Amino acid sequence: MKSKLLLLLISGLSWLNAYNQSVVDIIVASPDHNTLEAAIGAAGLAPTLRGSGPFTVFAPTDAAFAALPPGTVEALLKDPQGALTQILLYHVVGANALSSGLTNGQFIKTINGKSVNVLINKDGVFINNAKVTVADVLADNGVVHVLDAVLLPPATVADVIVNSPIHNTLEAAGAAGLVPTLQGAGPFTIFAPTDDAFAALPPGTVEALLKDPQGVLTQILLYHAVGANALSTGLTNGQFIKTINGKSVNVLINKDGVFINNAKVTVADVLADNGVVHVLDAVLLPPATVADVIVNSPIHNTLEAAAGAAGLVPTLQGAGPFTIFAPTDDAFAALPPGTVEALLKDPQGALTQILLYHAVGANALSTGLTNGQFIKTINGKSVNVLINKDGVFINNAKVTVADVLADNGVVHVVDAVLLPPVTVADVIVNSPIHNTLEAAAVAAGLVPTLQGAGPFTIFAPTDAAFAALPPGTVEALLKDPQGALTQILLYHAVGANALSTGLTNGQFIKTINGKSVNVLINKDGVFINNAKVTVADVLADNGVVHVVDAVLLPPVTVADVIVNSPIHNTLEAAAGAAGLVPTLQGAGPFTIFAPTDAAFAALPPGTVEALLKDPQGALTQILLYHAVGANALSTGLTNGQFIKTINGKSVNVLINKDGVFINNAKVTVADVLAENGVVHVLDAVLLPPTTVADVIVNSPIHNTLEAAAGAAGLVPTLQGAGPFTIFAPTDAAFAALPPGTVEALLKDPQGALTQILLYHAVGAKALSTDLTNGQLIKTINGQSVNVTIITDGVFINNAKVIVADVLADNGVVHVIDAVLTPTVSVKETVLSNMEVYPNPVLDKIYIRNGQDQKVDYNISILELSGKEIFSSKANNRESIDLDINPGIYILTIRSDSGIYTQKIVKLSNN
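Rules used in this analysis
Every chain is numbered independently, its residues counted from 1 as its sequence is written. Residue-level local features of this predicted model are given only where pLDDT is at least 70; pairs of side-chain atoms are given and counted only at 80 or more, and the full residue set underlies all totals for whole chains, interfaces and linings. Values shown for side chains rest on all heavy atoms present in the structure; no hydrogens or waters enter the calculation. For two strands to be treated as a pair, DSSP must find at least two bridges joining them. Strands are runs of DSSP state E lasting at least 2 residues, helices are runs of H or I lasting at least 4, and numbering of each runs from the N terminus. Lines fitted to C-alpha atoms define the axes, with helix axes restricted to the stretch in contact, and inter-axis angles between N-to-C directions lie between 0 and 180 degrees. Convention used here: angles under 35 degrees read as roughly parallel, angles over 145 as roughly antiparallel, angles from 65 to 115 as roughly perpendicular, and any remaining angle as oblique. In this scheme the handedness of a crossing depends on how the near helix is turned from the far one: anticlockwise by less than a right angle means left-handed, clockwise means right-handed. Contact criterion: two residues are considered in contact whenever any of their non-hydrogen atoms come within 4.5 Å of each other. Exposed residues in this analysis have more than 50% of their type's maximum accessible area, buried residues have under 20%, and partly exposed residues fall in between, with area computed by a 1.4 Å probe over protein chains only. We call a set of buried Ala, Val, Leu, Ile, Met, Phe, Trp, Tyr and Cys residues a nonpolar core when their side-chain atoms join them within 4.5 Å. Directions drawn from the helix axis to the C-beta atoms are what define this arc. Every residue gets a pLDDT, meaning the predictor's confidence in that residue, from 0 to 100. Residue type decides the class: Asp, Glu, Lys and Arg count as charged, Ala, Val, Leu, Ile, Met, Phe, Trp, Tyr, Cys and Pro as nonpolar, and the leftover types, Gly among them, as polar. Each salt bridge in this description consists of a side-chain nitrogen of Lys or Arg and a carboxyl oxygen of Asp or Glu lying within 4 Å of one another.

Draft legend 1. Summary view of the sheet that holds strand 43 (residues 834-837). The sheet built from three strands is open, its strands ordered 43-44-47 with antiparallel pairing. What marks the edges here is a single partner per strand, and that holds for strand 43 and strand 47 (879-881). Across the sheet, the axes of successive neighbouring strands diverge by a mean angle of 20°, strand direction being ignored. Sheet analysis places strand 44 (residues 844-849) next to strand 47, joined by three bridges and oriented antiparallel.

Draft legend 2. Expanded view of the packing of helix 3 (residues 34-43) against helix 7 (residues 80-89). Put simply, helix 3 and helix 7 touch, their axes get as near as 9 Å, and they point 125° apart. Classified by the angle between their axes, helix 3 and helix 7 sit oblique to one another. Of the two possible hands of crossing, helix 3 and helix 7 adopt the one that is left-handed. Across the interface between the two elements, Leu36, Ala39, Ile40, Ala42 and Ala43 from helix 3 touch Pro80, Gln81, Leu84, Thr85 and Leu88 from helix 7.

Draft legend 3. Geometry of the pairing of strand 12 (residues 257-260). As paired strands, strand 11 (residues 248-254) and strand 12 are joined by four bridges and run antiparallel to one another. Bridge pairing in strand 12 places isoleucine 253 opposite valine 258. In this structure, the hairpin formed by strand 11 and strand 12 is closed by a connection of two residues. Where strand 12 lies against strand 13 (residues 263-272), two bridges are found, and the strand directions are antiparallel. Residue phenylalanine 259 lies in a different strand from strand 13, and its bridge partner there is lysine 264.

Draft legend 4. Representation of the side chain of histidine 300. Along the chain, histidine 300 turns up in the loop between helix 14 (290-296) and helix 15 (301-309). What makes histidine 300 buried here is its relative accessible area of 4%. Beyond its immediate sequence surroundings of up to four residues, histidine 300 is in contact with Ile294, Ala326, Pro327, Thr328, Asp329 and Val413.

Draft legend 5. Main features of the nonpolar core. Core analysis: the largest hydrophobic core is formed by 30 residues, its most contacted members being Val23, Leu36, Ile40, Leu49, Val57, Leu88 and Val144. Ignoring anything within four residues of it in the chain, the contact list for leucine 36 reads Ile27, Ala59, Pro60, Asp62, Phe65 and Leu88. Ranked by size, the runner-up nonpolar core spans 29 residues in total, among them Ala158, Leu178, Ala197 and Phe198.

Draft legend 6. Structural detail: the pairing of strand 44. A one-sided burial pattern is seen for strand 44, the buried positions being Ile845, Ile847 and Asn849 and the unburied ones Lys844, Tyr846 and Arg848. In the sheet, strand 43 pairs with strand 44 via four bridges, with the strands oriented antiparallel. The residue bridging glutamate 835 from the neighbouring strand is arginine 848, located in strand 44. In sequence, strand 43 turns back onto strand 44 through a hairpin of six residues.

Draft legend 7. Molecular detail of the environment of leucine 45. Relative to the helices and strands, leucine 45 resides in the loop between helix 3 and helix 4 (46-49). Accessibility expressed as a relative area gives 13% for leucine 45, which makes it buried. Along the chain, leucine 45 and alanine 326 lie 281 residues apart, while their C-alpha atoms are 66 Å from each other. Non-local contacts of leucine 45, meaning those with residues more than four positions away in its chain, are made with Ile40, Leu88 and Leu89.

Draft legend 8. Structural view of helix 27 (residues 569-578). Taken together, the buried positions of helix 27 are occupied by Leu571, Ala574, Ala575 and Ala578. Looking straight down helix 27, one finds its buried side chains confined to an arc of 95°; they lie on one side. Where helix 27 ends, the next residue or the one after it, glycine 579, has phi of about 75°, a positive value.

Draft legend 9. Geometry of unusual backbone geometry. Of the consecutive residues glycine 186 and proline 187, the connecting peptide bond is found in the cis state with omega at 0°. Among the secondary structure elements, proline 187 is positioned in the loop between helix 10 (179-182) and strand 8 (188-193). In this model, asparagine 839 is joined to proline 840 through a cis peptide bond whose omega is 5°. Relative to the elements of secondary structure, proline 840 occurs in the loop between strand 43 and strand 44. Even without glycine at this site, asparagine 128 takes up a positive phi of about 55°. Structurally, asparagine 128 is set in the loop between strand 5 (124-127) and strand 6 (130-139).

Draft legend 10. A look at the sheet that holds strand 4 (residues 115-121). With respect to topology, seven strands assemble into an open sheet ordered 2-1-7-6-5-4-3, the strand pairing being mixed. Bordering the open sheet on either side are strand 2 (92-93) and strand 3 (107-109), each of which pairs with just one other strand. Pairing analysis gives six bridges linking strand 1 (residues 55-60) to strand 7 (residues 142-147), with the strands arranged parallel. Within strand 7, the position partnered with alanine 59 by the bridge is valine 146.

Draft legend 11. Inspection of the confidence of the model for the protein at higher detail. Chain-level statistics for the protein give a pLDDT mean of 86 and a share of 91% at 70 or above. For residues 1-19, every residue scores under 50 in pLDDT, and the model assigns this stretch 18 contacts once sequence neighbours within four places are set aside. Scored below 50 in pLDDT, residues 824-830 shows nine contacts in the model against residues more than four places distant or in partner chains.

Draft legend 12. Fine view of the environment of leucine 624. Among the structural elements, leucine 624 can be located in helix 31 (residues 615-624). Among all residues touching leucine 624, those that are not within four sequence positions of it are Leu580, Thr645, Ile646 and Asn647.

Draft legend 13. Here's a closer look at the packing of helix 15 against helix 19 (residues 347-356). Look at helix 15 against helix 19: their axes get within 9 Å of each other, and the N-to-C directions meet at 125°. Taken together, helix 15 and helix 19 sit at an angle that is classed as oblique. Taken as a pair, helix 15 and helix 19 cross one another with a handedness that is left-handed. On helix 19, the residues touching Leu303, Ala306, Ala307 and Ala309 of helix 15 are Pro347, Gln348, Leu351 and Leu355. When the residues that make up the contact of helix 15 with helix 19 are grouped by side-chain class, the tally is seven nonpolar, one polar and no charged.

Draft legend 14. Quick look at the pattern of salt bridges. Applying the stated rule across the entire model yields eight salt bridges. Linking lysine 114 and aspartate 273 is a salt bridge whose minimum nitrogen-to-oxygen distance equals 2.1 Å. Note that lysine 114 is positioned in the loop between strand 3 and strand 4 and aspartate 273 in the loop between strand 13 and strand 14 (275-280), a separation of 159 residues in sequence. Between lysine 255 and aspartate 256 there is a salt bridge, with its nearest N and O atoms 3.5 Å apart. Judged by relative accessible area, which is 78%, lysine 255 ranks as exposed. Relative accessible area serves as the criterion here: at 42%, aspartate 256 is assigned to the partly exposed category.

Listed below in structure tokens is the structure:
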């Protein structure tokens, strides 16, 4: 090198005598750097390079620039602040980099921000691929190295690799077709093993990989690439970084440096436009599967042999994720002598189930475990986690090493073999106090079921509980195991986990039998029906067993209550004839109001016989009127409550000092519980309520009203959906009208008769409890009736309600003792000019002729029965003293012009 400098001096190259000049002055003085000088000037970098520095300039000669593609220099000079500046800054280092300080493979960061790579070999010193032809031309603010080629900044991480003299093998591996990808937008982080790193692999490995570039080679290369910028300043000890391969590399930072897995980072942060390259001294191989962890472990030889024999290694090499609780060789050795050998002889049997009980189909890192946690294994059964001051335990096995990570999961080393927990069937079979239950379950063929996945809850009666049954009961049941025995056993089994902590007082729990058991919790303990739980929560893998001190007998259905009752023979016969027994044996819930035999006998003679002749007709409707499609316990009944029956019509509840009544039938026995509902015993048969029209038609005291409604054509209307309220005058009320009035009305049914009848009908349901004193209620006629409520009763206009709230399906009927007349009515066609007041009356009543004429009248007052109790003569406007008892009377006024009749109410003077 010194001889070259001497030769240059001799040849008169005075630019070398530039000591105490800046690096830019050296370039300006050089006859071989005219293009570089022009570029520096155009980019405006000369002032910078004359600064204090220090700078190292890699200076391409004019020949180097001339070697670029034609037009390149010209194009760069046209945009000096763009690519030209970046290229020039890539030739400048903000430090002194003397040749004596350069090392082979060294990366030097330029002011451009990207790094150049140093190669030193027998052919000389190279910066990237440019040879240093003159080194160490010193200036007062730095040093200049002359290059024979222009350095182009690496645009991509692929360019870093391609241009690096120590990454030839990695570059060659680009045959996998990854170079275009790594020349993309990125960002990428590349962990770049050197040629020496590849050479350290077993002989033939690289050659084998290159023969199948789209196979393992691609996966290995992708395992060296991260789809993000991971600068050294962002790495932390223990960090996991997911690679494009999909697997993660692990970062270790200690006093010896930074390691990616087991490969040391020898050069960090080689920047490119689309990412960063870290140089490694070893090739990264994707992490092993959980199967590989076991296979390669020196303390898991037995587990490895077992997994191999069971054929599970390929499964555990799959995608996962898996969590493996891995017993050591010592753990297997602690099993009873011969156990391992016996298991290996039947690898597809118990061995496979035991191994699968050590595997979870998910990642269960130690940081995610909680005390008391249950984790379901691939075996289908669960392991229990215990965390205390002594460590972490899986069942009773201690975790000695946690979180041995693999690509498809995690391995936890445990110090004991995990044996799958027993089923609820095994609890029973192995219990010394459940021999009878065991024998019964075996006879009924239920053991395989109870060994299934579950979950199950078993209420398990002891031998003493079975012994307490009547003599011969067990023996009889065992003779017919598929009959009553199976149903009784299934009544002790629930198809769910019912731990004691989840039971509540009064709770009903449905059993596999289909019927429910009732939970009672009090100071004496927990009871299932009447059986006390003596031991709770005996856990098994597929459920829980509660030991009880009595055998549970399934409750009968509401149909069975009726069939087995000695006082419901008629109801049983009727339900059978109507074909309702299967329905009432169904799931329900049902409430049955059950009339006794005496209740049916009280019906008119021949009624029951007639009904039984047509069981699908009226009989079915009557029976359905006794059935509710819900549970209606006596504790839920309220006075005045209406309950809709399956018939579609409602029954009315009356609760008073005499008891509880359904309509007019008294409940003599309440709350006879069955599995599918409840039965209440009644002392009368319930007849379905008719429509308001039917109430009138069937009433023996409403014949005139029936005839009038028929003549007016209103019966079909009142048989409609409603709701209607009917104020129904009795036959006596019509009879109290002036003679000939009813006949006259019936002759013109579409006239005044229709208006009068519609004046008795309201298009809504107006129960007596809804009425208030002085209330006006609009009728279908369009006019309103007036409600008066006094101590003597309820009046509609002047008509007293003698029976209230006769309920029908489409409304309600109130029976009244007088005909209501609208404003224009029959009375006005008889004597239209009369007025009687006040009404109700206390002591005196006045009559007045509306035309103010003096007329003589004959006045009569009659009881409702028709008996006259008062008569008198009077003139217009005369007062009449009424010395009669309080009550309701008919006042009749007769004159030569006709007759006037009015209902009056006499009040008490008290």
